[in-house]
Amino acid sequence: MEMKGEKKIPAKKTALKPPPKAVSSGPKEKSKSLLPPSADFAHLSSTQRLWLQKLEIHDRRDLLFYLPRRHEDRTRSLELDGSRIGQSLVVRGVVQQSKSAWWRGGRGVFEVAILLNPETITEPLTSDLLKRRLLRCRWYGMPFLKKSLCQGRELILYGKLFKDKEGLLMTHPEFEILDSSEDSTIHLNRLTPIYPLTEGVPQRGIRALLYREIMEKPIEVAEFYPVPEDLISLQEAIPNAHFPDDPHLLQASMRRLVYDEFFILQCVLAQRREGRKKILKERAPRKMELGKEFLAQLSFEPTKAQRRVIAEIERDLENPIPMHRLVQGDVGSGKTLIAVYAMVLAVERGQHAALMAPTEILAEQHFLNLRRWLEPLGISVGLHTSAKKKSDRSPMDSPEIQQTLFKGKGSVTVGTHALLFDSFVTEQLGLVVIDEQHKFGVMQRLTLVQKGQNPDVLVMTATPIPRTLGMTLYGDLEVSVIDELPPGRSPIVTLCRKENELPKVWAFMRKQVEEGRQAYVVYPLIDESEKVEAKAVQTEYERIIPLMAPYRVGLLHGRLKPDEKEAVMKDFRAGLIKVLVSTPVIEVGVDVPNATLMVIENAERFGLAQLHQLRGRIGRGAHKSYCALIGEAKSLEGWQRLKVMEESCDGFKIAEKDFAIRGPGNIFGTEQSGLPPLRIGDFLRDFDLLQRSRKDAGELLKSDPELKKFPQLKRQLDAIHLQRKTLATVG
Ligand code: ADP
Ligand code: MG
């Protein structure tokens, strides 16, 4: 039985680890390198202390909160039957045979045959019975397993069950070797905790240690804030989160601990919100009315949603409290316009504005657009990427023109991460806009913000977050939603196709090109290394060239030099390149309305949200657009997932389905929210707790803003604020 879903809790994340002793016992670093680490562990052997050290458990409190990543129900043995294929489950058995082999490509495979629950077999072993009782387990690239998994060993395994011609199969299951000399009440016949580990720390060893420390000693933690009555006490929750007596207690314990985690998070958010209200900035009077001019010269009418968001931003920028707004809008909803408008308002007041984008391609595109839109208004636009610095400013940037034209007016700089370096300095940075904010780390956003003095901050994202969740999660940001696409877009027709259907897809692509359209062919990031990626996409590129001749095919990947990338994009934009073969570098922002076809290869490797982002590159013009998802979906689940894309073009719906299929996971981690990472809570699964904690935290801080009655909570929050002092400024 799977108690907690597949949610992994990496050993490193420490959000829940309450840090009050940072105040009392000095920095932790000291204990890290020295044995013995803590008086709490003086009674343990040096090996055990080493394990704890590797898991970053430095004192008793860390230990109590070192929660398992899941539990296994070892109270009963499962009888396997067909209905369990495709599920993750726990089985028990004895190794009958083992063999090693070499796979094509040099990878070794080690395989064992395991007889399941041999003690319950009463009838003679017929081949039919064997089919049901024999499980083959396979590990690739782990030849050393041969030593430990020899014949006769009894194992408990956990993995996903598959079936092939030869029978039942698991690949890379987790396993534990049973050892009769150990205490079976800890490891067996119970809901057994499985802890997150690092190399050199044995599961059984750590489990036995934690059992002794937690179950055979008093739990001396005290409550430190008013906990709702229907939740169980920490005293009860801690032991039951490790070694629960039954599944209900486990669930109640986890809810209690999740509530703790959310409560602290919501206190941090509430305090931040209050803190920000205290910063007041003096707003210079407007010098001109560029905003109206800007809107008047657009070649299209802003949508209702765009107008609403524009009004919201206008209001923010009249307010003495610095703006802190998230604009969320599906791909293609027209967020750039919003950003530009906000920048124009800053310029009106003589301030400078910076727009940071995650890729050079996107920064370059914004640069071109902004120039088109802003130079007629006499606003200078600069580009600042690692490849291009000031030299590439527009001709209007010459000192003479600057002197006359831009007197008293601000300017606009577009850039990539390069804006973060010291080479980018600008006085009076009054507005910072971050495009595709989920692509940046918190510290990066912060670095840019700190180049100004309490600048207004606008962050933009297309990452679809279910709305209620967004409001709760980004509790300290104002949220604007663009919930409308510009008119005249025809919906994208999406089709899932198997690899053997590719020839038809290429033929269709050729037809589109002959009709004057353009196309993308996207290849996934196959390997973490850009080199391998570049090679795969290069091969694909070479394959496609003859199929499209005489039309020009372009290639784009992360290994190209910036000016090579730029040249390719330029030709694609100009319509000289008809088919662009690319890695997901085009995922964000790229806007070429004449492109009407996107072929995504190995589509099953992408998450749905990413597929949606990619697909957002097409359907931007008046012509009908098509997206072909090419997959060799090995599992039904994978194929179903792709099929979701056929049914919906709505980012919110897709995100929700994705969560439903994949399980929510920690999708909105630190990267996005600027908050401590969640260790055990899950924003979607535990949404009710999240909402309650938000209300409770708000009320507590209202009644006791200084937390005089709750000094321990105060210490804990102070420590978080101190640690992330600077994060208070960014979402
Ligand atoms: P995203 O929200 O994905 O950043 P963009 O800002 O790139 O979207 O806008 C997508 C395309 O729609 C661009 O070509 C842009 O010029 C165009 N666009 C934006 N707003 C409107 C509008 N109100 N009417 C028509 N086209 C628009
Ligand atoms: Mg955009």
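Values in this document were obtained by computation on a predicted structure and should not be read as measured data.

**Some thoughts on helix α13 (residues 335-348)**
Every α-helix carries 3.6 residues per turn, so stepping three or four residues along brings you back to the same face.
Thinking step 1. Compared with the 20 Å implied by 1.5 Å per residue over 14 residues, the 20 Å span of α13 between its first and last C-alpha is a close match.
Thinking step 2. Across the 14 residues of α13, 13 count as buried, placing the element largely inside the fold.
Thinking step 3. Immediately downstream of α13, the backbone of Gly-350 shows phi near 80 degrees, a positive value.

**Observations regarding the nonpolar core**
Thinking step 1. Ranked by size, the top nonpolar core spans 55 residues in total, and within it Leu-52, Leu-63, Leu-64, Leu-257, Phe-263 and Leu-713 carry the most contacts.
Thinking step 2. Elements with a minimum of two residues in this core: α3 (46-54), α4 (60-64), α8 (203-215), α9 (234-242), α10 (247-278), α25 (687-703) and α26 (711-723).
Thinking step 3. Among the elements that take part in this core, α10 stands out by supplying 12 residues, more than any other.
Thinking step 4. Sequence-distant contacts of Phe-263, defined by excluding residues within four places in its chain, comprise Tyr-225, Ser-693, Asp-696, Ala-697, Leu-700 and Leu-713.
Thinking step 5. Membership of the second largest hydrophobic core comes to 42 residues, among which are Leu-370, Ile-379, Val-412 and Val-433.

**Comments concerning the confidence of the model for the protein chain**
Note that predicted coordinates carrying low pLDDT should not be read in detail.
Thinking step 1. With 81% of its residues at a pLDDT of 70 or more, the protein chain has an overall mean of 80.
Thinking step 2. Contacts for the low-pLDDT stretch residues 1-34, under 50 throughout, to residues beyond four places or in other chains number 76 contacts.
Thinking step 3. pLDDT under 50 marks residues 390-396. Its contacts with residues more than four places away, or in other chains, come to 16 contacts.

**Describing the sheet that holds strand β4 (residues 134-140)**
Thinking step 1. Spatially, 7 strands are ordered β6-β7-β4-β3-β2-β5-β8 in an open sheet, and the strand pairing comes out mixed. Looking along the sheet, the strands with just one partner apiece sit at the ends: β6 (162-164) and β8 (174-177). Ignoring which end each strand starts from, the neighbouring axes of this sheet average 40 degrees apart.
Thinking step 2. Of the strand pairs in this sheet, strand β5 (residues 154-160) and β8 are connected by 4 bridges, and their pairing is antiparallel.

**Looking at the pattern of salt bridges**
Oppositely charged side chains are able to pair whenever their charged atoms sit close together.
Thinking step 1. Under the defined criterion, the tally for this structure stands at 36 salt bridges.
Thinking step 2. A salt bridge links Glu-220 to Arg-60, with the nearest nitrogen and oxygen atoms 3.0 Å apart. Of this pair, Glu-220 sits in the loop between α8 and α9 while Arg-60 sits in helix α4; the two residues are 160 residues apart in sequence, bridging distant segments of the chain.
Thinking step 3. On the basis of relative accessibility, which here comes to 12%, the residue Arg-60 falls in the buried class.
Thinking step 4. Ionic pairing is found between Arg-371 and Glu-375, a salt bridge with its closest N-O pair at 3.6 Å.
Thinking step 5. Relative accessible area serves as the criterion here: at 17%, Glu-375 is assigned to the buried category.
Thinking step 6. Connected through shared salt-bridge partners, Arg-69, Arg-70, Glu-72, Arg-74, Glu-174, Glu-176, Arg-204 and Arg-207 make up one network.

**Some words on the sheet that holds strand β10 (residues 324-329)**
Thinking step 1. The strand order β12-β13-β11-β14-β15-β10-β16 describes an open sheet built from 7 strands, whose pairing is parallel. Of all strands in the sheet, those with a lone pairing partner are β12 (381-384) and β16 (478-482), marking the two edges. Neighbour to neighbour, the strand axes of the sheet diverge by 20 degrees on average, direction disregarded.
Thinking step 2. Strand direction decides the pairing type here: β10 and strand β15 (residues 456-461), joined by 5 bridges, are parallel. Across the sheet, residue His-324 finds its bridge partner in β15, namely Val-457.
Thinking step 3. Here helix α14 (residues 360-374) sits on the sheet in contact with β11 (352-356), β12 and β13 (412-415), set at roughly 170 degrees to β12.

**Considering the pairing of strand β7 (residues 167-171)**
Thinking step 1. The buried count for β7 comes to 4 of 5 residues, which makes it a mostly enclosed element.
Thinking step 2. The pairing of β6 with β7 spans 3 bridges and is antiparallel. In the sheet register, Lys-163 faces β7, and the bridge partner there is Leu-168.
Thinking step 3. If you look at the hairpin formed by β6 and β7, you'll find 2 residues sitting between the two strands.

**Describing the packing of aromatic side chains**
Thinking step 1. Evaluated as defined, the whole model comprises 12 aromatic pairs.
Thinking step 2. A ring pair is formed by Phe-224 and Tyr-225, whose centres lie 5.2 Å apart and whose planes are at 70 degrees; its orientation type is edge-to-face.
Thinking step 3. Phe-224 gets classed as buried once you look at its relative accessible area, which sits at 5%.
Thinking step 4. Ring plane angle 40 degrees and centroid distance 6.4 Å describe the contact between Phe-294 and Tyr-341, whose orientation is recorded as tilted. Placement of the pair is Phe-294 in helix α11 (residues 290-296) and Tyr-341 in helix α13, with a sequence separation of 47 residues. Both residues of the pair, Phe-294 and Tyr-341, count as buried.
Thinking step 5. Positioned above the aromatic ring of Tyr-158, the side-chain terminus of Arg-70 is 3.4 Å from the ring centre.

Reading the values: rules and limits
- Residues numbered from 1 in each chain as written.
- Chains lettered and ligands numbered in written order.
- Predicted model: local features only at pLDDT ≥ 70, side-chain atom pairs only at ≥ 80, totals over all residues.
- Heavy atoms only, no water.
- Helix = DSSP H or I, 4+ residues; strand = E, 2+ residues; numbered from the N terminus.
- Expected span 1.5 Å × (residues − 1).
- Buried < 20%, exposed > 50% of the residue type's maximum accessible area, 1.4 Å probe, protein only.
- Core = buried A, V, L, I, M, F, W, Y, C linked by side-chain atoms within 4.5 Å.
- Contact = heavy atoms within 4.5 Å.
- pLDDT = per-residue confidence, 0-100.
- Pairing = 2+ DSSP bridges.
- Axes fitted to C-alpha atoms, helices over the stretch in contact; angles between N-to-C directions.
- Salt bridge = Lys/Arg side-chain N within 4 Å of Asp/Glu carboxyl O.
- Phe/Tyr/Trp six-rings, centres within 6.5 Å; stacked < 30°, edge-to-face > 60°.
- Lys NZ or Arg CZ within 6 Å of the ring centre and 35° of its normal.

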